[in-house]
Amino acid sequence: MNYHRFKHLGAYCPKCSRKVELLFSEETSELPQFYICFKCKIIGQFGIGELSTNEFSAFSPERKKEIKACIEEIPDKYRYQAKGSQLRLEEKSDTYTRRWLSLYEYEKAFGEKLGFESIDFREDKYICKWCNQPLEGRRRSFCSDRCSRNYGKATFFKRGVSTLPYRIASRDRFYCRVTGEDLAVTNRFGVRIPASNQQLEIHHLVFVSEHGSDHETNLLTVSKQVHQDYHKGEVYAVQAIENIKEEQLRMHSDKMYTKK
Ligand SMILES: [Zn+2]
Ligand SMILES: [Zn+2]
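Asks: Any chance you could explain the nonpolar core here in plain terms?
Replies: One recurring pattern in soluble globular proteins: nonpolar side chains tend to sit buried together. With 28 residues, the main nonpolar core has Leu 164, Phe 174 and Ile 241 as its most contacted residues. Only helix H2 (103-110), helix H4 (163-171), strand E10 (200-204), strand E11 (219-223), helix H5 (224-232) and helix H6 (235-256) provide two or more residues apiece to this core. The next biggest cluster of nonpolar side chains, apart from the first, holds 10 residues, and it includes Cys 128, Cys 131, Tyr 151 and Val 191.

Asks: Is there a simple way to think about H6 in this case?
Replies: Residues lying three or four places apart along an α-helix face the same way, a consequence of the helix completing one turn every 3.6 residues. A rise of 1.5 Å per residue sets the reference length of H6, with its 22 residues, at 32 Å; its end C-alpha atoms lie only 24 Å apart and thus fall more than 12% short of the reference. Its maximal kink placed at Arg 250, H6 deviates by approximately 80 degrees. What H6 keeps buried is the set Ala 237, Ile 241, Ile 244, Lys 245, Gln 248 and Met 256. Looking at the buried residues of H6, the elements they touch are E10, E11 and H5.

Asks: Hey, could you run me through the coordination of the zinc ion (ligand 1) in this one?
Replies: Each donor-metal-donor angle in an ideal tetrahedron of four donors is 109.5 degrees, and each such angle in an ideal octahedron of six donors is either 90 or 180 degrees. Taken together, Cys 128 (SG), Cys 131 (SG), Cys 143 (SG) and Cys 147 (SG) make up the protein donors of the zinc ion (ligand 1), found 2.3 to 2.4 Å from the metal. Around the zinc ion (ligand 1) sit four donor atoms; with metal-centred angles ranging over 101 to 120 degrees, the donor geometry is tetrahedral. When the donor residues of the zinc ion (ligand 1) are listed from N- to C-terminus, their spacing reads C-x2-C-x11-C-x3-C. Classification of Cys 131 by relative accessible area gives buried; the value is 6%.

Asks: Hey, could you run me through unusual backbone geometry in this one?
Replies: For residues that are not glycine, phi is negative in most cases, and the peptide bond is trans in most cases. Non-glycine residue Ser 17 carries a positive phi angle of around 65 degrees. Tracing the backbone shows Ser 17 in the loop between strand E1 (3-12) and strand E2 (19-25). Looking at Ser 17, the relative accessible area reads 52%, which means it is exposed. Backbone geometry places Lys 41, a non-glycine residue, at a positive phi of 55 degrees. Residue position: Lys 41 is located in the loop between strand E3 (34-37) and strand E4 (42-45).

Asks: Looking at this structure, how should I read a nonpolar patch on the surface?
Replies: Nonpolar side chains collect at one region of the surface, where Ile 43, Ile 48 and Leu 51 lie side by side and expose about 260 Å² of accessible area between them. Turning to its location among the elements, Ile 48 is positioned in the loop between E4 and strand E5 (49-50).

Asks: What's the story with the side chain of Ser 196 in this structure? I'm lost.
Replies: Within the secondary structure layout, Ser 196 lies in strand E9 (residues 192-196). Side-chain polar atoms of Ser 196 contact the backbone nitrogen of Gln 198, separated by 2.8 Å.

What counts as what
- Residues numbered from 1 in each chain as written.
- Chains lettered and ligands numbered in written order.
- Predicted model: local features only at pLDDT ≥ 70, side-chain atom pairs only at ≥ 80, totals over all residues.
- Heavy atoms only, no water.
- Core = buried A, V, L, I, M, F, W, Y, C linked by side-chain atoms within 4.5 Å.
- Buried < 20%, exposed > 50% of the residue type's maximum accessible area, 1.4 Å probe, protein only.
- Helix = DSSP H or I, 4+ residues; strand = E, 2+ residues; numbered from the N terminus.
- Expected span 1.5 Å × (residues − 1).
- Bend = angle between axes of the 7 residues up to and from the residue.
- Contact = heavy atoms within 4.5 Å.
- Donors = N, O, S within 2.8 Å, 3.2 Å for Na, K, Ca; no water.
- Tetrahedral: all angles 85-135°; square planar, octahedral: opposite > 155°, others 65-115°.
- Patch = residues over 30% accessible without salt bridge, like charges linked within 9 Å, V, L, I, M, F, W, Y side chains within 5 Å.
- Areas by Shrake-Rupley, 256 points an atom, 1.4 Å probe, with all protein chains shown as cover.
- Salt bridge = Lys/Arg side-chain N within 4 Å of Asp/Glu carboxyl O.
- Polar contact = N/O pair within 3.5 Å; in protein donor to acceptor, adjacent residues only side chain to side chain.

Following this line, the structure appears as structure tokens:
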């Protein structure tokens, strides 16, 4: 579930007729869709209309409590440093910058879906994804709603991250492909959670500046350190990454370059 914020031709505020910003899921129209007018300071939901303020008072005490917990427990609220996200939204190689393809653009460019949608680090499917306790009854992921919520919060920032690099990290199970370093967050139960520990970066084997594509075969999860070392020319990093690159080029060179 990845929301995108953008403007669109013909999307005007019903009140002031200025351009509104839209908030739509990349993948589906089944999720609520919104427009925001910064002039009128209103948020509207498609199919419903302007959302009125001050509705919170009518919520059940239980729901109010849930909301409060959500708000207070957004992880790393104060430690959050990066401007965009902890995964890089763009690959910069000297002067060359390009944003990541959306899933739709990916499919159009390569004629295939990206995959790696769901990530589940568990070896045993009958334990809770958050607290490592056995699951009971018909539960398949979490032992309790509380664990489900905590997990959702811990993986919260992936929503600010482009889908593509997140999926590459998922493919590589959040390990550095050069050193095997663990780049996932580990929670207080000692359970690995699919969120970057802020050391995770995605490298283009064929550089963007050399017309390298965003195809998954051209992308590699590496630690920040390895990434820096590679671009500085440190032998261990260059050797390891060049080996992977050669191997990939032997099999996938057609996908690893953008078509001109
Ligand atoms: Zn649990
Ligand atoms: Zn790189």
